[in-house]
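# Overview (structure and organization)
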Amino acid sequence: MLPIGFRFDTVGGTPWWGQDGRLAIMLNFPEPPREYASIFLEETDKSLPKKIDQRTRYAYFSTIAEGGKSLIKSCKDQHLSRFICYKTLRPEFAQDEVEQQRLIREARVSAMLQHPNTVPTYELGRDLRGNPYFTMKLVHGYTLREVLDYRARYDLTQLMEVVMQIGYALVYAHTHGVAHRDIKPENILVGPYGEVVLLDWGLAKVWGGQSGQSGKPGASVADTAGRQAISVGDINITGKHKAQGSAWYMSPEQINQDPDIDYRTDVFSLGAVMYETLCGKPPAKGQKMHQIIDSVLREVPPPPSEVAPQHVPRLLEQVAMRSLEKDPANRFESMGDMVRALRQDWQSDLI
């Protein structure tokens, strides 16, 4: 049994005994900044400058992660006396107008999608050099990739709940005309209070006009770069030609740059994450990029029951395999349909 959330008084990775008497493995979540140990009057009642100077608003920067073209840092918002997440472009891409537009649109998409399974966006602005940045809630926790590293012993019900929570976020996004297009374990964060959030909307596709949950968006289309964001020659390759890994979770139509791509590309990607959660390996095979692409386009993965190290309930296998159909018409028609299938009683099939 692997608990997804826990109280901070158990921090430190100390094993504890679950209610069923079995030894549970405790996830050692990062502690929040020590400034949050207590809230002091000196912080809440300090004066706000009469004239706001954005140059002094953010301080105490610390890099959290580096993406292919972006930097994610933590910093303190001096006005609100809290630590937040600050995202900007890496120096070598800071002057690239296309990448600037991608970052700005990502910020606005993230801000407009206000859902419990997305990260709240606070501010979009430009620094002293004129480079765009945006700030978000700083969520402490583990990515699903890190959680799966503990998969020697885990509670399948809790892991499927993570998948379902991401499904809820995608139902909401699709209803509002947005497809994520970069769903992978690295972009799913599980927090210490049981929160599950879908990160990084940098490859999101936004449709204009009327669109709903049918998987058939309106005709007007734009992506976060203002151009086609995916090309086979560049799939998940940085400027230094290093694979980033999300090709394992791309749908065939995303790889093929299908102009009629719709929300069912996210159904495929979440199905690939679900498959890996069940089996311990992604559905696509290969170590080199061309092998992975060929596998996604042409190979049907074996059913989870044939490769998983533990028993896989039949319903979960059916949901995963239907989501991974090469032809979008054979998948769930919408993310809502996939979530409804996951909400059926499959626990009774557990051994």
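Residues numbered from 1 in each chain as written. Predicted model: local features only at pLDDT ≥ 70, side-chain atom pairs only at ≥ 80, totals over all residues. Heavy atoms only, no water.

## With respect to the sheet that holds strand S8 (residues 142–143)
- The three strands lie next to each other as S8-S10-S11, forming an open sheet whose pairing is antiparallel. The open sheet has two edge strands with one neighbour each: S8 and strand S11 (196–198).
- Across the sheet, helix H4 (residues 156–175) is in contact with strand S10 (188–190) and S11; its angle to S11 comes to roughly 45 degrees. (Pairing = 2+ DSSP bridges. Helix = DSSP H or I, 4+ residues; strand = E, 2+ residues; numbered from the N terminus. Contact = heavy atoms within 4.5 Å. Axes fitted to C-alpha atoms, helices over the stretch in contact; angles between N-to-C directions.)

## Observations regarding unusual backbone geometry
- We note that Tyr 60 has phi near 60 degrees; this positive angle belongs to a residue other than glycine.
- Considering the arrangement of structural elements, one finds Tyr 60 in strand S3 (residues 58–66).
- Of note, Arg 181 is a non-glycine position whose phi angle comes to about 70 degrees, a positive value.
- With respect to the element layout, Arg 181 can be found in the loop between strand S9 (178–179) and S10.

## As for the sheet that holds strand S7 (residues 132–136)
- Across the sheet, five strands lie side by side as S3-S4-S5-S7-S6; this open sheet has antiparallel pairing. The two strands at the open ends of the sheet, each matched to only one other strand, are S3 and strand S6 (121–126). Direction aside, neighbouring strands of the sheet carry axes that sit 25 degrees apart on average.
- Strand direction decides the pairing type here: strand S5 (residues 82–89) and S7, joined by four bridges, are antiparallel. Residue Cys 85 lies in a different strand from S7, and its bridge partner there is Met 136.

## Some remarks on the pairing of S6
- The pairing of S6 with S7 spans five bridges and is classified as antiparallel. Paired with Leu 124 across the strands is Phe 134, a residue of S7.
- Joining the antiparallel neighbours S6 and S7 is a turn of five residues, in which Gly 130 adopts a positive phi near 85 degrees.

## Some thoughts on the pattern of salt bridges
- Within the structure shown, the criterion is met by twelve salt bridges.
- Between Arg 57 and Asp 77 there is a salt bridge, with the nearest N and O atoms lying 2.9 Å from each other. Of the two residues, Arg 57 sits in the loop between helix H1 (41–44) and S3 while Asp 77 sits in strand S4 (residues 70–77), which places them 20 residues apart along the sequence.
- The exposure class assigned to Arg 57 is buried, which follows from its relative accessible area of 17%.
- What emerges from the salt-bridge pattern is a single network uniting Lys 69, Glu 99 and Arg 102. (Salt bridge = Lys/Arg side-chain N within 4 Å of Asp/Glu carboxyl O. Buried < 20%, exposed > 50% of the residue type's maximum accessible area, 1.4 Å probe, protein only.)

## Description of helix H2 (residues 97–112)
- If you check H2, its first and last C-alpha atoms are 22 Å apart, about what 16 residues at 1.5 Å a residue would give, namely 22 Å.
- Every buried residue of H2 is accounted for by Glu 99, Gln 100, Arg 102, Leu 103, Ile 104, Glu 106, Ala 107, Val 109 and Ser 110.
- Along its buried surface, H2 packs onto S5, S6, S7, S9 and strand S12 (205–207).
- Where H2 starts, the residue carrying a side-chain oxygen 2.9 Å from the main-chain nitrogen of Val 98 turns out to be Asp 96. (Expected span 1.5 Å × (residues − 1). Polar contact = N/O pair within 3.5 Å; in protein donor to acceptor, adjacent residues only side chain to side chain.)

## Points about the environment of Arg 90
- Note on placement: Arg 90 falls in the loop between S5 and H2.
- By relative accessible area, which is 19% here, Arg 90 ends up buried.
- Counting along the chain gives 21 residues from Arg 90 to Lys 69, while the straight-line C-alpha distance between them is 5.6 Å.
- Filtering out sequence-adjacent residues up to four positions away, Arg 90 remains in contact with Glu 66, Gly 67, Gly 68, Lys 69, Ser 70 and Leu 71.
- A distance of 3.0 Å separates polar atoms of two side chains, one belonging to Arg 90 and the other to Glu 92.

## Considering the environment of Glu 99
- In this structure, Glu 99 sits in helix H2.
- Placed 33 residues apart in sequence, Glu 99 and Pro 132 show a C-alpha to C-alpha distance of 9.9 Å.
- Polar contacts involving the side chain of Glu 99 include one to the side chain of Arg 102, which spans 3.2 Å.

## As for the packing of helix H6 (residues 264–279) against helix H10 (residues 335–342)
- Put simply, H6 and H10 touch, their axes get as near as 9 Å, and they point 30 degrees apart. When the axes of H6 and H10 are compared, the pair comes out roughly parallel. Viewed along their axes, H6 and H10 form a crossing whose handedness is right-handed. Residues Asp 266, Val 267, Leu 270, Gly 271 and Met 274 of H6 lie in contact with H10, whose contacting residues are Met 335, Met 338 and Leu 342. (Parallel < 35°, antiparallel > 145°, perpendicular 65-115°, else oblique. Left-handed = near helix turned anticlockwise from the far one by under 90°.)

Scope: geometric values only; no functional claims are made or implied.
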